[in-house]
Every structure is written in structure tokens, then in C-alpha cells.
Amino acid sequence: MRKHDEIPDRLVEGNPDVGSFSNCNVCHEGAAKGDFDEDRAIIPGYGRWDD
Ligand code: HEC
């Protein structure tokens, strides 16, 4: 699974609202329910990821 390969570091480590990929629920609102659908992923300060 390609997962996070395409997401630039500046939107994660370089983003004070995210900090690290281990904060799953920051971008995946449904993380607590096990929902990681890429269509519902939102990166703070960037918006919905669309590729
Ligand atoms: C910076 C925001 C961010 C964080 C933090 C993050 N993700 Fe993601 N994740 C995304 C985005 C955006 C995508 C879609 C990637 C793409 O389409 O290239 C994604 C995709 C995924 C996918 C693939 C979903 C699919 O429909 O194919 C899984 C599984 C996933 N993330 C799990 C996790 C887990 C588990 C964590 C915590 C360890 C995590 N993510 C943390 C943003 C994030």
C-alpha cells in the first residue's frame, strides 16, 4: 500500500498542527473507529488530500 508516500514532510513534521504521522486522528477524523479512507483524510492547513 502506497499510503503516505506522496505526502511531503512539510505538511507533517513541518506542520505545527500535525507534528508527526503517529497523530493519525489529526488527518483521519475517523481514526478512532478504524476509518482511514483516503477520501476522508484532511491535512490541517492544507485541506483535503486529492491525488
Ligand atoms: C498528515 C496527515 C496524516 C496523518 C498524521 C496520518 N495520515 Fe494516513 N493518510 C493521509 C492521507 C492524506 C492519505 C491519502 C494518501 C494518498 O492518497 O496518497 C492517507 C492514507 C492512509 C491510508 C490508506 C487509506 C486508503 O484508503 O488507501 C491508511 C491505511 C492510513 N493513512 C493510515 C494512517 C495511520 C494508521 C496513521 C497513524 C499512524 C495515519 N494514517 C496518519 C494523511 C495522514
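As the structure is a prediction and not an experimental result, all values here were calculated from the model.

Looking at the coordination of the iron atom of the ligand
Bound to the iron atom of the ligand on the protein side are His4 (NE2) and His28 (NE2), at distances that span 2.0 Å. Every donor counted, the 6 donor atoms about the iron atom of the ligand form angles of 85 to 179° at the centre, which fits octahedral coordination. Highlighted residues: His4 in the segment before helix 1 (24-27) and His28 in the loop between helix 1 and strand 1 (42-43), separated in sequence by 24 residues. Take His28: its relative accessible area is 13%, and that puts it in the buried class.

Quick look at the nonpolar core
Within the largest apolar cluster, 6 residues are counted, these being Ile7, Leu11, Val12, Val18, Cys27 and Ile43. Leave out the neighbours within four places in its chain, and Val18 touches Leu11, Val12, Asn23, Val26, Cys27, Ile43 and Pro44.

A look at the environment of Phe21
Note that Phe21 resides in the segment before helix 1. Spatially, the C-alpha atoms of Phe21 and Asp50 are 18 Å apart, while their sequence positions differ by 29 residues. Ignoring sequence-local partners within four residues, the contact set of Phe21 consists of His4, Ile7 and Val12.

So, the pattern of salt bridges
Overall, the coordinates contain 2 salt bridges when judged by the stated rule. Between Asp35 and Arg40 there is a salt bridge, and its shortest N-O distance comes to 2.8 Å. A relative accessible area of 22% places Asp35 in the partly exposed class. A residue is classified by how much of its surface remains accessible, and Arg40, at 46% relative accessible area, is partly exposed. The salt bridge partner of Asp37 is Arg40, with a shortest N-O separation of 3.6 Å. Under the relative-accessibility criterion, Asp37 is labelled partly exposed at 31%. Each member of the salt-bridge network shares a partner with another, and the members are Asp35, Asp37 and Arg40.

About the criteria used
- Residues numbered from 1 in each chain as written.
- Predicted model: local features only at pLDDT ≥ 70, side-chain atom pairs only at ≥ 80, totals over all residues.
- Heavy atoms only, no water.
- Donors = N, O, S within 2.8 Å, 3.2 Å for Na, K, Ca; no water.
- Tetrahedral: all angles 85-135°; square planar, octahedral: opposite > 155°, others 65-115°.
- Helix = DSSP H or I, 4+ residues; strand = E, 2+ residues; numbered from the N terminus.
- Buried < 20%, exposed > 50% of the residue type's maximum accessible area, 1.4 Å probe, protein only.
- Core = buried A, V, L, I, M, F, W, Y, C linked by side-chain atoms within 4.5 Å.
- Contact = heavy atoms within 4.5 Å.
- Salt bridge = Lys/Arg side-chain N within 4 Å of Asp/Glu carboxyl O.

Nothing here speaks to function; it is geometry throughout.
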